[in-house]
Amino acid sequence: MKKLMIVAAAVAMSFAGEAALQPQECLNCGGGSSAGCDVVVFKVTGSGKAVVAKDDYKEVKSLKIKKGALALTGELCEATGICCYSEGYFFAKIKAGKASFDMASALELGVWSVFGKNLDKIRTGDVKPGKTYKLDSALYVSSAAGDTEVDGDTVVDAESIEFYASAFGTVNVKISKGTSGTCNPKGPCDPTYTPKSYSGWFVGKYACLGEEDCFLCDCANTDVFGGTWKATYQKSKTSIAAAARLAGVSIADEDDED
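Values in this document were obtained by computation on a predicted structure and should not be read as measured data. Numbering of residues starts from 1 in every chain and runs along the sequence as written. Thresholds applied to this predicted model are a pLDDT of at least 70 for local features of residues and 80 or more for the giving and counting of side-chain atom pairs; totals over whole chains, interfaces and linings are not thresholded and use all residues. Just so you know, side-chain values use all the structure's heavy atoms and leave hydrogens and water out.

Student: It is not clear to me how the overall build of the protein should be interpreted in this structure. Could you clarify?
Tutor: Helix and strand counts for the protein stand at two helices and eleven strands. Strands here mean DSSP runs of E at least two residues long; helices mean DSSP runs of H or I at least four residues long; both are numbered from the N terminus. Helices (α) and strands (β) of the protein occur, in sequence order from the N terminus, as β-β-β-β-β-α-β-β-β-β-β-β-α. Residue exposure (1.4 Å probe, protein chains only): buried if accessible area is under 20% of the type maximum, exposed if over 50%, otherwise partly exposed. Counting every position in the protein, which comprises 258 residues, the buried fraction comes to 44%. At a minimum sequence separation of 6, the contacts of the protein that also span at least 24 residues come to 71%. Any two residues having at least one pair of non-hydrogen atoms within 4.5 Å are treated as being in contact.

Okay, here's the thing in structure tokens:
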């Protein structure tokens, strides 16, 4: 069976989950360390369409992300002492037409924001202890350029792939019960931010599978795919290795000749 995308994967790292997820206003954090920053893991499913090979021609067939996982990694921001998230990994078992394959890709995290009518209340502390508030959230990720690298080991894409995905969801903010009344100015109330689920769209392209004609001056050397996806937060998963296992993707070195 021909694999559309073949990945030779490597052993993944995990972080000790110590620093709670906490957003911050837009700023340039500068350098930092990943020590103490949680790996935030989501279970991913999706479906759409893709160009696939059939005998000596190509056709459009259904694409399914049967099992997938998103792992977002952070580093400690020097300016605030809060973890900043800008990278991650995507693992998936994918079926396109009749072909099935495993995928692993490094990610760039372009947007992960929270907003909504309760944001100012949470920022100023004008909130009730013990109460949970809901914020809207937006997420945007894309494949990172070049070879995927996990914990210093290179994960090489045998065929190039490029994708972009956006989604909208919610984040629950629970206020600790440390005081009575509002938190400000009567006392500190540490908020706990918990992502819920996201849903949105993805699109991308990968190495051309065969001959085609086009209406361009030069025909492209890539084929395309696209569809919708859903990501659900996994509280008990706190490592990149756990995300790979959730997707059912092996992260041990493997032969990619078949």
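And the narrative resumes.
Student: Before we go on, may I ask you to explain the sheet that holds strand β4 (residues 83–96) in this structure?
Tutor: By way of backbone hydrogen bonds, the strands of a sheet pair with one another, either parallel or antiparallel. A pair of strands counts as paired when DSSP detects no fewer than two bridges linking them. What the eight strands build is a closed barrel, ordered β2-β3-β4-β5-β6-β9-β10-β11; its pairing is antiparallel. Across the sheet, the mean angle separating the axes of adjacent strands is 25° when strand polarity is ignored. Where β4 lies against strand β5 (residues 99–115), ten bridges are found, and the strand directions are antiparallel. Following the sheet pairing, Tyr 89 is matched in β5 by Ala 106. Each axis is a line fitted through C-alpha atoms, taken for helices only over the stretch in contact, and angles between the N-to-C directions span 0 to 180 degrees. Running at roughly 155° to strand β3 (residues 57–76), helix α2 (residues 240–247) makes contact with β2 (40–54), β3 and β4 of the sheet.

Student: Please clarify how the pattern of salt bridges should be interpreted in this entry.
Tutor: Pairing between side chains of opposite charge can happen when their charged atoms approach one another. Any Lys or Arg side-chain nitrogen found within 4 Å of a carboxyl oxygen on Asp or Glu counts as a salt bridge. Within this structure, the stated rule accounts for four salt bridges. When the shortest N-O distance is used, the salt bridge between Asp 102 and Lys 93 registers 3.0 Å. Across the salt bridge formed by Lys 205 and Glu 162, the nearest N and O atoms sit 3.9 Å from each other. Placement of Lys 205 in strand β10 (residues 191–207) and of Glu 162 in strand β9 (residues 161–175) is noted, with a sequence separation of 43 residues between them. Here the salt bridges share partners, and the residues they tie into one network are Lys 58, Glu 212 and Asp 223.

Student: Mind showing me how you'd approach the nonpolar core here?
Tutor: One broad rule of soluble globular proteins: the nonpolar side chains tend to lie buried together. Here, the term nonpolar core denotes a set of buried Ala, Val, Leu, Ile, Met, Phe, Trp, Tyr and Cys residues that are joined through side-chain atoms within 4.5 Å. Counting 47 residues, the largest nonpolar core has Leu 70, Leu 72, Phe 90, Leu 139, Phe 225 and Trp 229 as the members making the most contacts within it. Ranked by residue count, the leading element in this core is β9, at seven residues. Each residue touching Phe 90, except ones within four places of it in the same chain, is listed here: Val 44, Ile 65, Ala 69, Met 103, Ala 104, Ser 105, Leu 107 and Phe 163. Core analysis: the next-biggest nonpolar cluster, separate from the first, contains 16 residues, Tyr 89, Phe 91, Ala 244 and Val 249 among them.

Student: Would you take a moment to explain unusual backbone geometry for this structure?
Tutor: As a rule of thumb, non-glycine residues mostly have phi less than zero, and peptide bonds are mostly trans rather than cis. One non-glycine residue, Asp 55, lies in positive phi territory at about 55°. By the secondary structure assignment, Asp 55 is in the loop between β2 and β3. Since its relative accessible area comes to 73%, Asp 55 is described here as exposed.

Student: Looking at this model, I keep getting lost on the side chain of Asn 118. Mind explaining?
Tutor: Along the chain, Asn 118 turns up in the loop between β5 and α1 (119–124). Overall, Asn 118 belongs to the buried group, its relative accessible area being 12%. Pairing of N or O atoms within 3.5 Å defines a polar contact, subject to two protein rules: one partner must be a possible hydrogen donor and the other a possible acceptor, and residues neighboring in sequence count only if both atoms are side-chain atoms. There is a polar contact of 3.3 Å between the side chain of Asn 118 and the backbone oxygen of Lys 134. Aside from chain neighbours lying at most four places away, what touches Asn 118 is Tyr 133, Lys 134 and Leu 135.

All quantities given are derived from atomic positions and should not be read as evidence of function.
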